[in-house]
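# What the coordinates show
These are the residues of each chain, in order.
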Amino acid sequence: MRSKGKLISWDANKGFGFIAPTKRGKNVFIHKSGFSNRKRTPQINDVITYTLSSDNKGRACAVDATFSGEKLVKKQPQQTSKFSIYLALLFLASLFFYSIYAGISLSLVFIYLGLSVFTYLMYGWDKNKAQHGGWRTSESTLHLFALFGGWPGAAIAQQLIRHKSKKKEFRLVFWVTVILNIVAVCWLLGPDGGAVLKLIW
């Protein structure tokens, strides 16, 4: 059910404000991400139509907000790319079976699993902060963890929680880190890198 109200406060620096409902009730919090039209700068006394929702702490907030005279355009749900998920799982499974076949330590597999889980959680944390105006994780940090072995978790997170899955520049750099990491691990498991790996483990 859609509600209507008037914007009574707006902090342009922090990107949030409050709406006074037309019908009596408590003022409703709205973040800039709650507006469908993010190109327009909200102004005091703007008439806002919105859907009442709640954040991750159960506090009331406005989403799918439109300015007076605008129509709400529902976004089409994005399809999950199974390729990214299958590639990540196939890589981890291949690494595990190769370790068993070659008779080397499984430590490398556990490192990849640990980094993947940590990177997945970082994506989830960053998306939560993006939705609620919190301190964001830099893209370079996300790429660094992907390069060092967390890319399977990143690839799965991009599709399952729909974060960083549309920005072309980010995706391009991400796949470069994937290629570099796979090349590095292939060398490490080869004849030359194998000697180094045995020294480490």
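Everything discussed here concerns the structure shown above.
Everything in this summary refers to the structure shown in the same document. The structure presented is a predicted model; accordingly, all values stated were derived computationally and were not measured. (Residues numbered from 1 in each chain as written. Predicted model: local features only at pLDDT ≥ 70, side-chain atom pairs only at ≥ 80, totals over all residues. Heavy atoms only, no water.)

Here the focus is the packing of aromatic side chains. Tallied over the entire structure, the rule returns 11 aromatic pairs. Relative to Phe-35, the ring of Trp-10 has its centre 5.8 Å away and its plane inclined at 80°; by these criteria the two rings are edge-to-face. One end of the pair, Trp-10, is in strand 1 (residues 2-11); the other, Phe-35, is in the loop between strand 3 (28-31) and strand 4 (47-54), with 25 residues separating them in the sequence. Considering the side-chain rings of Phe-91 and Trp-151, the 5.0 Å spacing of their centres and the 55° angle between planes classify their relative orientation as tilted. Placement of Phe-91 in helix 1 (residues 82-102) and of Trp-151 in helix 3 (residues 139-160) is noted, with a sequence separation of 60 residues between them. Feature note: the residues Trp-10, Phe-35 and Phe-67 constitute an aromatic cluster, connected by ring pairs. One cation-aromatic arrangement involves Arg-40 over Phe-67; the distance from NZ or CZ to the ring centre is 4.1 Å. (Phe/Tyr/Trp six-rings, centres within 6.5 Å; stacked < 30°, edge-to-face > 60°. Helix = DSSP H or I, 4+ residues; strand = E, 2+ residues; numbered from the N terminus. Lys NZ or Arg CZ within 6 Å of the ring centre and 35° of its normal.)

Although it is not a glycine, Asn-45 adopts a positive phi angle of roughly 80°. In this structure, Arg-162 takes a positive phi of about 55° despite not being glycine. For Arg-162, the location among the structural elements is in the loop between helix 3 and helix 4 (168-188). The class for Arg-162 is partly exposed, based on a relative accessible area of 25%. (Buried < 20%, exposed > 50% of the residue type's maximum accessible area, 1.4 Å probe, protein only.)

Turning to helix 3, a few remarks are in order. For an α-helix, 3.6 residues make a turn, and residues three or four places apart therefore share a direction. Under the 1.5 Å per step criterion, the end-to-end length of helix 3 is only 18 Å for 22 residues, more than 12% shorter than the ideal 32 Å. Helix geometry: helix 3 is bent most strongly at Gly-150, by close to 120°, with proline Pro-152 lying one to four residues after it. Following helix 3 by one or two positions, Arg-162 has its phi on the positive side, about 55°. (Expected span 1.5 Å × (residues − 1). Bend = angle between axes of the 7 residues up to and from the residue.)

Further remarks concern the packing of helix 1 against helix 3. The interhelical angle for the contact between helix 1 and helix 3, taken along N-to-C directions, is 155°, at an axis separation of 8 Å. In terms of axis orientation, helix 1 runs roughly antiparallel to helix 3. For the pair helix 1 and helix 3, the crossing hand works out as left-handed. For the pair formed by helix 1 and helix 3, the contact residues are Ser-84, Ile-85, Leu-87, Ala-88, Leu-89, Phe-91 and Leu-92 on the first element and Trp-151, Pro-152, Ala-155, Ile-156, Gln-159 and Leu-160 on the second. Split into classes, the residues belonging to the contact of helix 1 with helix 3 amount to 11 nonpolar, 2 polar and no charged. (Axes fitted to C-alpha atoms, helices over the stretch in contact; angles between N-to-C directions. Parallel < 35°, antiparallel > 145°, perpendicular 65-115°, else oblique. Left-handed = near helix turned anticlockwise from the far one by under 90°. Contact = heavy atoms within 4.5 Å. Nonpolar A, V, L, I, M, F, W, Y, C, P; charged D, E, K, R; others polar.)

Here strand 2 (residues 16-21) runs beside strand 3; their pairing, made up of 4 bridges, is antiparallel. Within strand 3, the residue paired with Gly-17 across the bridge is Ile-30. Between strand 2 and the antiparallel strand that follows it, strand 3, lie 6 residues. (Pairing = 2+ DSSP bridges.)

Relative to the helices and strands, Leu-89 is located in helix 1. Judged by relative accessible area, which is 46%, Leu-89 ranks as partly exposed. Taking the C-alpha atoms as reference points, Leu-89 and Pro-152, 63 residues apart in sequence, are found 7.2 Å from one another.

Quick look at a nonpolar patch on the surface now. Together, Leu-172, Val-173, Val-176 and Leu-180 make up an exposed nonpolar region whose accessible area comes to about 360 Å². Its location among the elements puts Leu-180 in helix 4. For Leu-180, a relative accessible area of 49% gives the class partly exposed. (Patch = residues over 30% accessible without salt bridge, like charges linked within 9 Å, V, L, I, M, F, W, Y side chains within 5 Å. Areas by Shrake-Rupley, 256 points an atom, 1.4 Å probe, with all protein chains shown as cover. Salt bridge = Lys/Arg side-chain N within 4 Å of Asp/Glu carboxyl O.)

Before going further, it helps to spend a moment on the pattern of salt bridges. Using the criterion set out here, one finds 4 salt bridges in the structure. A salt bridge links Arg-40 to Asp-46; the shortest N-O distance between them is 3.7 Å. Of the residues examined, Arg-40 reaches a relative accessible area of 35% and is grouped as partly exposed. Close ionic contact of Arg-136 with Asp-126 constitutes a salt bridge, the shortest N to O distance being 2.8 Å. Of this pair, Arg-136 sits in the loop between helix 2 (107-132) and helix 3 while Asp-126 sits in helix 2, and the two are 10 residues apart along the sequence.

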